[in-house]
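Single-letter residue listing:
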Amino acid sequence: LASSVPYKGNVYLADYIEETRTFPDCVTLRKYFRDMIDSGEDKDLAFCRTMVKSFDMTIANLISEGAPVDTDTVSARNYYLRLTLNEEKGRNMYEG
């Protein structure tokens, strides 16, 4: 799984949940990620699940504001969701 996770995703999430960010979505997402890590969850899987949750939160906010959701945002969410689902099924993302 780790080799499938793009570097940009790591930078995005690290920036999004870093300690100085205090708006509610950041705090929620930081707690979500840390709770998984603290419970012994595989770090790569926790990362992918957190990415999906971050996109879900962003998409929900955009919809509630009546704003358009870029197709790249949906594609990125689905990419991490596929990684997560395939990992949970015990196969790599390229096996389908």
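Residues numbered from 1 in each chain as written. Predicted model: local features only at pLDDT ≥ 70, side-chain atom pairs only at ≥ 80, totals over all residues. Heavy atoms only, no water.

A. Just helix H2 (residues 24–38), in detail. With 15 residues, H2 should reach 21 Å at 1.5 Å per residue; the first-to-last C-alpha distance of 21 Å fits that figure. Along H2, the residues classified as buried are Cys26, Leu29, Arg30 and Met36. Down the axis, H2 shows its buried residues gathered within 135° of arc, on one side only. Residues Pro24, Lys31 and Asp38 are exposed on H2 and point more than 90 degrees away from its buried face. A positive phi of about 95° marks glycine 40, the residue just after H2. (Helix = DSSP H or I, 4+ residues; strand = E, 2+ residues; numbered from the N terminus. Expected span 1.5 Å × (residues − 1). Buried < 20%, exposed > 50% of the residue type's maximum accessible area, 1.4 Å probe, protein only. Arc of directions from axis to C-beta.)

B. Region of the structure containing the side chain of threonine 73. As for its placement among the helices and strands, threonine 73 is situated in helix H4 (residues 71–88). Once you skip the residues sitting within four places of it in the chain, threonine 73 turns out to touch Phe55 and Ile59. (Contact = heavy atoms within 4.5 Å.)

C. Representation of the nonpolar core in the model. Ranked by internal contacts, the top residues of the largest apolar core, which has 13 residues, are Leu13, Leu29, Phe47, Met51 and Tyr80. Looking at this core element by element, the count peaks at six residues for helix H3 (residues 43–64). (Core = buried A, V, L, I, M, F, W, Y, C linked by side-chain atoms within 4.5 Å.)

D. Examining the environment of valine 52 more closely. Within the secondary structure, valine 52 sits in helix H3. Given a relative accessible area of 9%, valine 52 falls into the buried group. Residues valine 52 and asparagine 78, spaced 26 residues apart in sequence, show a C-alpha to C-alpha distance of 7.7 Å. Discounting chain neighbours no more than four positions away, the residues touching valine 52 are Arg77, Tyr80, Leu81 and Thr84.

E. Quick peek at the packing of H2 against H3. The N-to-C vectors of H2 and H3 enclose an angle of 160°; their axes lie 9 Å apart at closest approach. Classified by the angle between their axes, H2 and H3 sit roughly antiparallel to one another. Along this stretch, H2 crosses H3, giving a crossing that reads as right-handed. Residue-level contacts link Asp25, Thr28, Leu29, Tyr32, Phe33, Met36 and Ile37 of H2 to Lys43, Ala46, Phe47, Arg49, Thr50, Lys53, Ser54, Met57 and Asn61 of H3. Taken together, the residues that form the contact of H2 with H3 break down as eight nonpolar, four polar and four charged. (Axes fitted to C-alpha atoms, helices over the stretch in contact; angles between N-to-C directions. Parallel < 35°, antiparallel > 145°, perpendicular 65-115°, else oblique. Left-handed = near helix turned anticlockwise from the far one by under 90°. Nonpolar A, V, L, I, M, F, W, Y, C, P; charged D, E, K, R; others polar.)

F. Inspection of the packing of aromatic side chains at higher detail. Within the structure shown, the criterion is met by six aromatic pairs. Ring centres of tyrosine 12 and tyrosine 16 lie 5.7 Å apart, and the angle between their planes is 50°; this geometry places the pair in the tilted category. Pair noted here: tyrosine 12 and tyrosine 16 are both in helix H1 (residues 7–16), with a separation of four residues, about one helical turn. Residue tyrosine 16 is classed as buried on the basis of its relative accessible area of 13%. Residues tyrosine 79 and tyrosine 80 carry aromatic rings whose centres are separated by 5.1 Å and whose planes lie at 85° to one another, so their mutual orientation is edge-to-face. (Phe/Tyr/Trp six-rings, centres within 6.5 Å; stacked < 30°, edge-to-face > 60°.)

Keep in mind these numbers describe shape, not what the thing actually does.
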